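The residues making up each chain are set out below.
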Amino acid sequence: MSGTRIAGIGFHVPERVVTNEELTRWMDTTDEWIVERTGIHERRYVKKFEETPATLAAQAAAIAIERAGITKDDIDFIIFATLSPDYFFPGCGVLLQRELGITKTECGALDIRNQCSGFIYGLSVADQFIKSGMYKNILLVGAEVHSMGLDFSTRGRNVSVIFGDGAGAVVLQPTDKPGQGVLNTKLHSNGTYAEKLALISPGSHSGYHNRHIPEAVDYGYDHNTDLGGTFVTQKMLDDGLCFPTMDGQFVFKMAIQKFPEVIQEALHQAGLQVSDINMFIPHQANLRISQMVQRLLRLPDERIWNNIQKYGNTTAASIPIALCEAWEAGKVKEGDLVALAAFGSGFTWGAALIRW
Ligand code: ACO
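Residues numbered from 1 in each chain as written. Predicted model: local features only at pLDDT ≥ 70, side-chain atom pairs only at ≥ 80, totals over all residues. Heavy atoms only, no water.

(A) Fine view of the overall build of the protein. Summing up its helical and strand segments, the protein has eleven helices and 13 strands in all. The principal-axis extent of the C-alpha atoms belonging to the protein is close to 60 × 50 × 40 Å. For the protein, the computed accessible surface area is about 15400 Å², with 50% contributed by carbon and sulfur atoms. The distance from the centre of the 32 positive side-chain charges to the centre of the 40 negative ones in the protein is 4 Å. (Helix = DSSP H or I, 4+ residues; strand = E, 2+ residues; numbered from the N terminus. Areas by Shrake-Rupley, 256 points an atom, 1.4 Å probe, with all protein chains shown as cover. Lys, Arg positive; Asp, Glu negative; His and termini not counted. Charge placed at Lys NZ, Arg CZ, Asp CG, Glu CD.)

Here it is in C-alpha cells:
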C-alpha cells in the first residue's frame, strides 16, 4: 500500500492589513492588551464584495496545484475545511470547484466543519482515500473569512481581536517511497464543551441546547425562551447571539493540556520522540498557547513555526498557511519529520506526523 505525500502547497491572505491600532477605533481595546494576551500585532481582512472563503481558497489552491506539477483537471477530490462558509448551504467545496473551473471531471467535493482542527481532520480523510487507492490527486484546503462575522463593538472584543482571514491549500498524492508522507493522524473530540467556543444562532437547535449555554457566554437572555431557529430575530441581533462566543480561559486550559497529549500519542504510535521532530506547526490559536505547548514539549525555538503575529487566528487555514511559510523559508526539507497539531471549538483536536 502506498503512502500519502504533500505534492504541492500554497497559501493566500487578503491584501488588507488591519493593525491592533485600527481595532481601537471600533472597540475599547489597546495594542498592549492584544499583544500581551495573544501575541497578535495585525491580521488580514477581505475586501467586501470581492473576496470570500471560496475565492481565497481558489488562490491558495492554484499555487498548490502548480507546485504539484498538475492541472486543475487532474484533481479527483476536493476537501474544504472552514467554519465561516460562503453560504449556510451548499458547502464551500462546490464553490471552490466552480471558482477553479473544475467542470469537466465533476469530481466529488466534501466540506469539513471541525473549526480549528478542520485541516487535520481533512488530512486524515484524504490520507485514507489515497492509501485505499480511491483517489490520486486530492485538493485539501482550509479557508476562513472571520471579518464578516465578528462583533466589532466592545462587547465582542475578547473574540474579535483574535481572528483573521486567509486560506491554505495542499495537493495530496500517493507515494511509494518507503517511510515518506503521512505517518499517522490522531483525531479526538469531546462535545461536553460544545458551547464554550461557539456560534449558536442562527441554527436549527430550536432552543433545545439552551441549558448548556454557560454563564460565561450568557448575554442575559432567558434560557427558557425559545430563541433557536435558522431565522434571525431582532432579539438575537440585540443580544449578540449571531456572533461567536468564547470562554477564553477555559479554552486556554484545555488547549495546553490536549496539544501535548495528542502529539505524544502520535509520536508514541510511530515509535518516535519529541527530539525527532524537525518542525512543529501548531494551529495558530494564540501565541501564548503555542509558547506554553513548546515549553511543555521542550522544543527549541528553531523547531516551531509561529506566524499568528501577522495573521491572527485563521482557524482551519492556520496550519496550511504556517506550513507553507515554513516550507517557503526552507525550514521544511526532504526527510524532515513535521508535526502538526490543533485544538479548538467542539472541542475537537488532533495531530499528524509527516515525513517530508
Ligand atoms: N481588550 C481589552 N480588554 C479586554 C479585551 C480586549 N480585546 N478582551 C477582554 N478584555 C478584558 C475583559 O473584559 C476583562 O476585563 P475585566 O477584568 O474588567 O472583566 C479582562 O480583559 C480579562 O478578560 P479575560 O477574558 O479573563 O482575559 P484573558 O486573560 O483570559 O484573555 C484571551 C482573553 C486572550 C481570549 C485568553 O483567555 C485566551 O487566550 N484564551 C484562549 C482562547 C483562544 O486562544 N481562542 C482562540 C480560538 S480557539 C482556538 O483556536 C483554540
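(B) Structural view of the nonpolar core. Counting 42 residues, the largest nonpolar core has Ile 263, Leu 267, Phe 280 and Phe 343 as the members making the most contacts within it. Those elements giving two or more residues to this core turn out to be α8 (248-270), α9 (287-297), β12 (337-344) and β13 (348-355). For this core, the leading source of residues is α8, giving nine residues. What Phe 280 contacts, discounting residues up to four positions off in sequence, is Ile 263, Val 293, Leu 297, Leu 299, Arg 303, Ile 304, Trp 305, Ala 339 and Ala 341. Formed by 39 residues, the second largest nonpolar core is a distinct cluster that contains Ile 79, Ile 319, Ile 321 and Ala 326. (Core = buried A, V, L, I, M, F, W, Y, C linked by side-chain atoms within 4.5 Å. Buried < 20%, exposed > 50% of the residue type's maximum accessible area, 1.4 Å probe, protein only. Contact = heavy atoms within 4.5 Å.)

(C) Representation of the site of the ligand within the structure. Taken together, 24 residues are adjacent to the ligand, and Thr 29, Arg 37, Gln 249, His 283 and Asn 286 come closest. At 2.9 Å, a side-chain N or O of Asn 313 approaches an oxygen atom of the ligand. More than half of the atoms of the ligand fall within 2 Å of the grid points belonging to the second largest pocket. A total of four residues in the shell around the ligand trace back to one element, the largest contributor, which is α8. (Near = heavy atom within 4 Å. Polar contact = N/O pair within 3.5 Å; in protein donor to acceptor, adjacent residues only side chain to side chain. 1 Å grid on protein atoms, 1.4 Å probe; cavity = no way out; pocket = protein on both sides within 12 Å on 5 of 7 lines; lining within 4 Å. Sits in = over half its atoms within 2 Å of the grid points.)

(D) Layout of the layout of surface pockets. One number sums up the size of the largest pocket: a volume of about 1300 Å³. The wall of the largest pocket is formed by 43 residues, among which Leu 83, Ser 84, Pro 85, Arg 113 and Leu 199 lie closest to the centre. When the residues that make up the lining of the largest pocket are grouped by side-chain class, the tally is 22 nonpolar, 14 polar and seven charged. The computed volume of the second largest pocket comes to approximately 520 Å³. If you trace the second largest pocket, you find 25 residues lining it, with Ile 162, Met 246, Gly 248, Gln 249 and Asn 286 closest to the centre. Mapped onto the lining of the second largest pocket, the elements with two or more residues apiece are α2 (31-38), α8, α9 and β12. The leading source of residues in the lining of the second largest pocket is α8, at six residues. (Points joined across faces, edges and corners; volume = space filled by probe spheres on them. Nonpolar A, V, L, I, M, F, W, Y, C, P; charged D, E, K, R; others polar.)

(E) The arrangement of the sheet that holds β13 in detail. Spatial strand order, β8-β13-β12-β11: four strands in an open sheet with mixed pairing. For this open sheet the edge positions go to β8 (181-189) and β11 (279-282), each flanked by a neighbour on one side alone. With strand direction ignored, the average angle separating the axes of adjacent strands in the sheet is 10 degrees. Both β12 and β13 contribute to a ladder of eight bridges, which runs antiparallel. Along β13, the bridge assignment pairs Phe 343 with Trp 349. The sheet strands contacting helix α5 (residues 118-131) are β8, β12 and β13, and the helix crosses β8 at an angle near 130 degrees. (Pairing = 2+ DSSP bridges. Axes fitted to C-alpha atoms, helices over the stretch in contact; angles between N-to-C directions.)

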